[in-house]
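# Architecture and fold: a report
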Amino acid sequence: MEKIIIIGGGGHAKVVIDILQSMETYDIVGFTDNDDQHLSLCGIPYLGNDAILPALLEKGITKFCVAIGDNRLRKKLFHNLVTSGFKPASAISPFAYVSHHAKIGRGVVILPGAVVNSCATIEDNVIINTLSGVDHDCIIYSHAHIAPGASLTGNVTVGEGAFLGAGSKVIPGIEVGEWSIIGAGSVVLSNVPPNVTVVGVPANKIANRG
Ligand code: JB2
């Protein structure tokens, strides 16, 4: 099995470890984390902070998965690793449904119970979280996160780095702008501009994002 390292040792890393183990494709060497109080996570050893990465590359370990929920931090780490010569691996639960007609990018994490339907596009470093639904022809741009139980109907576009909160719902054909946040439980009935936070039923803007 090909060796892989996980970046981050928090809650999301626990889930990514579980998925990678159930895929039976990768041998997880360990995880890195800034916090040196870690020893192990779900039986996977702590390797040190990210300063150890060049030494791992020297040893021929090239595959990585960034297991951190924060979209901006995940984007930064993803780019740093790719630029350094590492190769992003996707962690796709065997208990998710991913259509053969969907297009899945690099470093994508798809959790158990999620559905990615026909002709959807999931770009690099996106999280499709537990029990969420991305229906036909949706496009989820890089570094976005679809939180647990969020439902995207057909032809929805989610911009780079956007976050759709738990249980939110989006009607067909809507565009969610890059780096915007949709609050948990919101129902999105009209397009959402970039860099705003919207909440409620129907979802309304409550803040701009810096
Ligand atoms: O630059 C870094 C870095 N910055 C923070 N490099 C590495 N290797 N690790 C870094 N970290 C580490 O990421 C922190 O020290 C911390 O251990 C970890 C983030 O863990 P936390 O549990 O705070 O968040 P998470 O990203 O694992 O989970 C969030 O996102 C998930 C999708 C939570 O909101 C979860 O509830 C959610 N399911």
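Residues numbered from 1 in each chain as written. Predicted model: local features only at pLDDT ≥ 70, side-chain atom pairs only at ≥ 80, totals over all residues. Heavy atoms only, no water.

The protein chain is annotated in an unreviewed UniProt entry as Acetyltransferase from Paenibacillus puldeungensis.

### A closer look at the environment of Asn195
In this structure, Asn195 sits in the loop between strand 23 (187-188) and strand 24 (196-199). In this structure Asn195 comes out as partly exposed when scored by relative accessible area, which is 25%. With twelve residues separating them in the primary sequence, Asn195 and Ala207 have C-alpha atoms 8.8 Å apart. Excluding its chain neighbours within four sequence positions, the residues that come into contact with Asn195 are Arg72, Glu178, Trp179, Ser180, Asn208 and Arg209. (Helix = DSSP H or I, 4+ residues; strand = E, 2+ residues; numbered from the N terminus. Buried < 20%, exposed > 50% of the residue type's maximum accessible area, 1.4 Å probe, protein only. Contact = heavy atoms within 4.5 Å.)

### Observations concerning the pairing of strand 24
The pairing of strand 22 (residues 181-182) with strand 24 spans two bridges and is parallel. Paired with Ile181 across the strands is Thr197, a residue of strand 24. Note: strand 24 against strand 25 (residues 204-208), four bridges, orientation antiparallel. Each bridged residue has a counterpart across the sheet, and for Val196 the counterpart in strand 25 is Asn208. In textbook terms, the turn of a hairpin is the stretch between consecutive antiparallel strands, and for strand 24 and strand 25 this stretch comprises four residues, one of which, Gly200, has a positive phi near 100 degrees. (Pairing = 2+ DSSP bridges.)

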